[in-house]
Amino acid sequence: VQLQAFGGGLVQPGGSLRLSCAASGTTSRINVMGWYRQAPGKQREMVASITSLGGTNYADSLKGRFTISRDNAKNTVYLQMNSLKPEDTAVYYCKAWYWSGHNPLEAWGQGTQVTVSS
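Residues numbered from 1 in each chain as written. Predicted model: local features only at pLDDT ≥ 70, side-chain atom pairs only at ≥ 80, totals over all residues. Heavy atoms only, no water.

Undergrad: Is there a simple way to think about unusual backbone geometry in this case?
TA: Among all residues save glycine, negative phi is the norm, and among peptide bonds the norm is trans. For asparagine 75, which is not a glycine, the phi torsion comes out positive at approximately 55°. Even without a glycine there, the phi angle at serine 83 is positive, about 50°. Relative to the helices and strands, serine 83 is located in the loop between strand S8 (76–81) and strand S9 (90–100). (Helix = DSSP H or I, 4+ residues; strand = E, 2+ residues; numbered from the N terminus.)

This is the structure we're talking about:
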């Protein structure tokens, strides 16, 4: 499984941005997809995840502002980010958990920079 993220950029505080992450390869074995982020000098943290059936999980601090969704037909996961704050500035990575035979594996995308600044 390979992942490619799109949609990062510069946005003003209070603005919105939507990230996309397209999966390729053995996508039929993908179970969960999600987003993480890493701000300068900080550890990578989970933002949100979504199962193949649409079950979602969010970081508590982001509930209400961020929404994760998924289009299984397009093998794509989205992250809608609203009311953005400067502290949301980070590199955002998508991640997929999938099966190879009976082995659970993980794949990471290359990351996309989100900068929230006036």
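Once the structure has been displayed, the description carries forward.
Undergrad: What is the right way to read the state of the cysteines from this model?
TA: Such a bond, covalent and formed between the sulfur atoms of two cysteines, is termed a disulfide. The final tally for this structure, using the stated rule, is one disulfide. Through a disulfide, cysteine 21 is tied to cysteine 94; the S-S separation comes to 2.1 Å. Note on the cysteine 21 and cysteine 94 pair: the S-S dihedral is about 55°, so by sign convention the disulfide is right-handed. Separated by 73 residues along the polypeptide, cysteine 21 in strand S3 (residues 17–24) and cysteine 94 in strand S9 bring together distant segments of the chain. We note that cysteine 21, like cysteine 94, is buried. (Disulfide = S-S within 2.5 Å. Buried < 20%, exposed > 50% of the residue type's maximum accessible area, 1.4 Å probe, protein only.)

Undergrad: I would appreciate a short explanation of the sheet that holds S3 in the present structure.
TA: Strand pairs in the sheet, formed through backbone hydrogen bonds, run parallel or antiparallel to each other. Strand order across the open sheet formed by four strands is S1-S3-S8-S7, with antiparallel pairing between neighbours. Whereas interior strands pair on both sides, the edge strands pair on one side only; in this sheet they are strand S1 (2–6) and strand S7 (66–71). Within this sheet the neighbouring strands show an average axis-to-axis angle of 15°, counted without direction. Of the pairings in the sheet, the one linking S1 to S3 comprises five bridges and is antiparallel in character. Across the sheet, leucine 3 pairs through a bridge with alanine 23, a residue of S3. (Pairing = 2+ DSSP bridges. Axes fitted to C-alpha atoms, helices over the stretch in contact; angles between N-to-C directions.)

Undergrad: Where do I start with the pattern of salt bridges in this structure?
TA: Pairing between side chains of opposite charge can happen when their charged atoms approach one another. Applying the stated rule across the entire model yields five salt bridges. Between arginine 37 and glutamate 45 there is a salt bridge whose closest N-O contact spans 2.6 Å. A salt bridge links glutamate 106 to lysine 95; the shortest N-O distance between them is 3.2 Å. Here glutamate 106 is found in strand S10 (residues 103–108), whereas its partner lysine 95 is found in strand S9, with 11 residues between them in sequence. By relative accessible area, glutamate 106 is classed as partly exposed at 47%. (Salt bridge = Lys/Arg side-chain N within 4 Å of Asp/Glu carboxyl O.)

Undergrad: Can you help me understand the environment of arginine 44 in this one?
TA: Considering the arrangement of structural elements, one finds arginine 44 in the loop between strand S4 (30–38) and strand S5 (45–50). Other than its neighbours up to four places away in sequence, arginine 44 contacts Tyr36, Arg37, Gln38, Tyr93 and Trp108. (Contact = heavy atoms within 4.5 Å.)

Undergrad: I'm lost on the nonpolar core in this one. Help?
TA: Across soluble globular proteins, nonpolar side chains have a tendency to be buried as a group. With 32 residues, the main nonpolar core has Leu3, Trp35, Leu79, Met81 and Tyr92 as its most contacted residues. For this core, the elements supplying multiple residues, two or more each, are S1, S3, S4, S5, S7, S8, S9 and strand S11 (112–116). Here the element with the most residues in this core is S9; it accounts for five residues. Excluding residues that lie within four positions of it along the chain, methionine 81 makes contacts with Gly15, Ser16, Leu17, Leu19, Arg65, Phe66, Tyr92 and Val114. (Core = buried A, V, L, I, M, F, W, Y, C linked by side-chain atoms within 4.5 Å.)

Undergrad: What should I look at first to understand the pairing of S10 in this one?
TA: The side chains of a regular strand alternate, residue by residue, between the two faces of the sheet. Note that S9 and S10 share six bridges and pair antiparallel. Bridging from a neighbouring strand, tryptophan 97 pairs with glutamate 106 of S10.

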